[in-house]
Amino acid sequence: MPTIRLQGISKRYPGSTASAVDSLDLTVNDGDFMCMLGPSGCGKTTTLRMIAGLEQPTGGSISVGDRVLDSVEQGVFVAPERREMGLVFQSYALWPHMTIRQNTEYGLRLRKVGRAERSSRADEVMNVMGIGRFADRYPSQLSGGQQQRVALARMLAVNPGVMLLDEPLSNLDSRLRLEMRTELKRIHQDFRSTIVFVTHDQWEAMTLATRIAVLADGRLQQIGTPTDIYDRPRNRFVAGFLGNPPINIIEFTDDEPAPHIAAAHRFAETRLHGATAVPGSIGIRPESIRIEPPSQAPAPDALTIDASIFAILPTGGSWTIEAVADGRHLFATTSVPPTCRPGDDVRLRVAAHEVHVFDTEGERVGLS
Amino acid sequence: MGLRRPTTAIGVLALILFGYLIAVPIVTMLVQGFTVSPKDTVVVQQQEGSPTSYYLWRVFLSPVAADLFWRPLVHTLLVSTCSVVFSLILGGVLAWLITRTDLWGRRWFSTALIVPYMLPTWAFALAWTTIFKNRTAGGQPGWLESIGVTPPDWLAYGGVPITIIFTLYFTPFVILLLGNALKRLDPQLEDSARMLGAGYGTVVRTVVVPLMRPALVSAATLILAKVLGEFGVTYILGLPTDFNVLATSLYRSISTREDGAAAVIAGAIILIGLLSLWVDVHFLKEARRFVTIGGKGAMDRTRALGRWRVPATALCGLAFVLSVVVPLGVLALSTVMRRPADFSADNFTLDYWVGHGLDTPAFTDGVLVSGAVWSAVWNTFWIVGLAAVAAGVLGQLVGYVVVRSPSRLLGTTLRQLTFLPYLVPGIAFAVAYLSLFAVDRGPIPALYGTSTLLVLIYMVEQMPFATRAGISSMMQLGPEPEEAAQVAGAGWWRRMAHVVLPIQKRALATGVLMPFIAGVRSLSLVVILAVPGMDVLTTFAIRLVEYGYTQAANGVVLVVSAVAFGGTYAIQKTMKTDLGRGLGG
């Protein structure tokens, strides 16, 4: 399967001043499981729909291999039915007046596949998806999870090279979601297809994707492997969007900083020694924080913050610890049973390479 | 139990009330069809009141059966089938243009094309006769006849104009029903077909039309049911050439005091109504499988018409001109002209609106200065108004009982009983009221000729809508606010007065105003019940039509149209109600 290439793609709705998608460049390689991740309204669904041809871009171009699907400059627009892609919607969009079999066979019927082959291919995908026994039922007689499988079967029946998935798991309960995630991963391996997946669920993106594209306000924030995005967020938005509990951000304000902020500021400046950037804030992932007794000698190459324990929240197998430093709440997580108790004075220690430094614009700076 | 006891008591009272006002009249009337009436004891050679099949024979088999029943039946079926087909086609195309394309002025059209539905049907009939009336009928000639072109009878009267008028009248109804269905249709259903390779035509054929089928069937049966009871149009346009449908045949039987035959015909009309409703329910049951989860509305679902944009807009414009501008324009013009189709300046006058001493002996004053008109206006407002308020309040109470009553039987019975008038065409219902209330029965005096009877029948006729409005608003309310008040120590009456009714204020207002508008336009319901001196606007207009006073009749019908249109428009603007529901008459 060739590469999907989005170049300077923009979408501005008539009567709207802001662009839903603003000159987006994105390349989805063959065999990628690309997740487009972002808060609602960030333009991820619009982008997916433009790839599908259900929306027409107002700027830029989209091509698959050397076939141009959209080009505003050249006046090219290929209708969705001619793009040979598959799309699964958030609401599944099964046709309520057709049985499961009819739904599954629809695409084959349009491709003029003979009756016998049609039926055997439909059987095959229905069995793969575990819905073979519902073949003669109507969608409304099926549960949400089963409907989702039908929607996938309907797409898989025509085996499109590019599969587009628009938040396909968001209507499912958490157990089914886990099950379907495994299913999607299996489909990706078995069918060796390129998948573009839209979600606002960071967990889903982290577990499924080979690469993640983080979007906000119609712009691409960062693209990379899940580990990349998590460990080296390019800006404060990406850092804050991934991770639960969210990353602790300590901002450096001009007016008389609290002692821990001043300490953090000094630390950040030392880290940036020699660079021209001015640190605006630092971010610390909760799992990077070690909790130590206040008597512990400060480590040479680490940021330390004196704080007191505010609350300890067990989350089953791990603990979220809420600490307060100069009136500011910081979160730490640990998988070791904590020995401290609420009210204890502690010292929070973060290894230098685990401190993310951002400049005043919120962009990542520094060596790590 | 404290919550429930008054509910049950109110439910039982309502059951008794509607039992007497709905079930009993219908049964009484049907019984008349099978028992000898005093007038026919000699013919039938049986005692008065003894069971007989004479009326069945007379309506279905006798030599007069063709005139009495079969030909009117054929006419009814023909007219209704044709108008259903035409309005579905026209309405379907217009609905699609309005909801799914980049038609010019679609917002404006989406309101403008609904206007005909807010007017009384027979206003169109009067406009038609004003233009096409030829020398076959007496009175002032039509415009065409006056300029020397005699329209043929088939164009001036009978099936053709009736079908055209019903088509124009019911097209908005189709636009509303199909337009709503199209709007509710999840666009992702179409998108997913396109993703699988279906072109636009294939999507429409395999996805959109099958999913619209319930709405189409619904529209068809509802139109059919309404045409069945529709009296005014055929009365005005059928009379000169003796073109009858079941409703007018029924009216004729009543006016010749053939009560038995009338009862049989009314029974037949009810039966056809039931049949069409059964079809509707059957299909709706099937359609319940189609319930879909709505997705996020597609952002761009209108289709560019390209070079069809101009013709499509022209088509909508033409529909508006033909169904609104021309009829209302003709009616309005005719009321300010002495002689038809004479457009010289001295032929124009405002006498028919504000003059005195006109040369029309039975109606010598202008419409706006005539005491008779104002008395009819007053009657219309207080009779229909009272009935509408009663229907609205009772509808809320019935809704409350249906939703809250612990007895399912009580709720279901009440719901179905109050829905019954929907199946019974207005004119048949009027016949039923005539049979029941023409004489004293026990403690209830004869009500024929009184305003009470008119209030009752207007109210009962609107119960299906009022009840449905009540049920749906009570369903949305949920028991919690009331339970909270109960926990706080409020008794049933206090809860009703302080919690339930205030919350339902809006629903109640709709439940009162919509029946009011429908009642103001309604003719078939009261045409055989109103007596001179107790006229409402619609029956008064029909009397003027019978006199052949074109200007006055058209003037009065314009007043009715103005009230109905203004009222509906105001309701729609202030309440944002769905026009597609409950605008009967």
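No experiment lies behind these values; they were computed from the predicted model shown. (Residues numbered from 1 in each chain as written. Chains lettered and ligands numbered in written order. Predicted model: local features only at pLDDT ≥ 70, side-chain atom pairs only at ≥ 80, totals over all residues.)

**Student:** It is not clear to me how the interface of chain A and chain B should be interpreted in this structure. Could you clarify?
**Tutor:** Frequently, the measure chosen for interface size is the accessible area that the parts lose on association. Across the boundary between the two partners, chain A contributes 23 residues, which contact 24 residues of chain B. Secondary structure elements with two or more residues in the side of chain A that touches chain B: strand 7 (85–88) and helix 2 (100–110) of chain A. (Contact = placed C-beta atoms within 7 Å. Helix = DSSP H or I, 4+ residues; strand = E, 2+ residues; numbered from the N terminus.)

**Student:** Teacher, can you tell me more about the pairing of strand 1 (residues 4–11) of chain A here?
**Tutor:** Consecutive residues of a regular strand have side chains that alternate between opposite faces of the sheet. Residue and element names in this part refer to chain A. Here strand 1 pairs with strand 4 (residues 59–64) via 5 bridges, running antiparallel. The residue bridging Gln-7 from the neighbouring strand is Ser-61, located in strand 4. Where strand 1 and strand 2 (residues 21–28) come together, 5 bridges link them in antiparallel fashion. Paired with Leu-6 across the strands is Leu-26, a residue of strand 2. (Pairing = 2+ DSSP bridges.)

**Student:** Got a minute to help me understand the sheet that holds strand 8 (residues 162–166) of chain A in this structure?
**Tutor:** Residue and element names in this part refer to chain A. Here we have 6 strands laid out as an open sheet, ordered 7-8-9-3-10-11, and mixed in their pairing. Whereas interior strands pair on both sides, the edge strands pair on one side only; in this sheet they are strand 7 and strand 11 (219–224). Sheet twist, expressed as the average angle between the axes of neighbouring strands with direction ignored, equals 15°. Sheet analysis places strand 10 (residues 211–216) next to strand 11, joined by 5 bridges and oriented antiparallel. Bridged to Val-214 within strand 11 is Gln-222. Across the face of the sheet, helix 4 (residues 144–157) comes into contact with strand 7 and strand 8 while running at roughly 175° to strand 7. (Axes fitted to C-alpha atoms, helices over the stretch in contact; angles between N-to-C directions.)

**Student:** Would you mind showing me how to read the UniProt feature "domain: ABC transmembrane type-1" (unreviewed entry) in chain B here?
**Tutor:** Summarizing the sequence annotation, UniProt attributes the feature "domain: ABC transmembrane type-1" (unreviewed entry) to residues 73–283 and 377–569 of chain B in the numbering used throughout. Spanning residues 377–569 of chain B, this segment combines 78% helix with 0% strand, and its end C-alpha atoms are found 20 Å apart. (UniProt positions renumbered as here; feature names shortened; annotations may be inferred.)

**Student:** Explain the confidence of the model for chain A to me, please; I cannot follow it from the model alone.
**Tutor:** Interpretation of the predicted coordinates at a detailed level should be avoided for regions scoring low in pLDDT. Counting all residues, the mean pLDDT for chain A is 89, and 98% of those residues have values of 70 or more. Averaged over each element, pLDDT in chain A is lowest for helix 9 (residues 259–271) of chain A (81) and highest for strand 3 (residues 33–37) of chain A (95). (pLDDT = per-residue confidence, 0-100.)

**Student:** I would appreciate a short explanation of the pairing of strand 10 of chain A in the present structure.
**Tutor:** Residue and element names in this part refer to chain A. Of the strand pairs in this sheet, strand 3 and strand 10 are connected by 4 bridges, and their pairing is parallel. Across the sheet, Met-34 pairs through a bridge with Arg-211, a residue of strand 10. Between strand 10 and strand 11, which pair antiparallel one after the other, the connecting turn spans 2 residues, and Asp-217 there sits at a positive phi close to 50°.

**Student:** What am I meant to see in the domain arrangement of chain A here?
**Tutor:** Residue and element names in this part refer to chain A. By the assigned domains, chain A splits into domain 1 (4–241) and domain 2 (248–365). Each of domain 1 and domain 2 has a C-alpha centre, and the two are 39 Å apart. In this complex, domain 1 contributes 7 residues to the contact, which on the side of domain 2 involves 8 residues. In the side of domain 1 that touches domain 2, the residues fall into 3 nonpolar, 2 polar and 2 charged. (Domains from an automatic or database assignment. Nonpolar A, V, L, I, M, F, W, Y, C, P; charged D, E, K, R; others polar.)

**Student:** Help me out: how do you make sense of the UniProt feature "domain: ABC transporter" (unreviewed entry) in chain A in this one?
**Tutor:** UniProt feature "domain: ABC transporter" (unreviewed entry): in the numbering of this structure it lies at residues 4–242 of chain A. Between the C-alpha atoms that bound residues 4–242 of chain A the distance is 26 Å, and the span itself is 36% helix and 26% strand.

**Student:** Explanation requested: the domain arrangement of chain B in the structure shown.
**Tutor:** Residue and element names in this part refer to chain B. Domain annotation of chain B identifies domain 1 (1–34 + 354–577) and domain 2 (66–295 + 302–334). Computed over C-alpha atoms only, the centres of domain 1 and domain 2 are separated by 25 Å. Contributing elements (two or more residues each) for the side of domain 1 that touches domain 2: helix 1 (5–32), helix 20 (426–437), helix 25 (537–547) and helix 26 (550–575). The dominant element in the side of domain 1 that touches domain 2, judged by the number of residues it contributes, is helix 26, at 11 residues.

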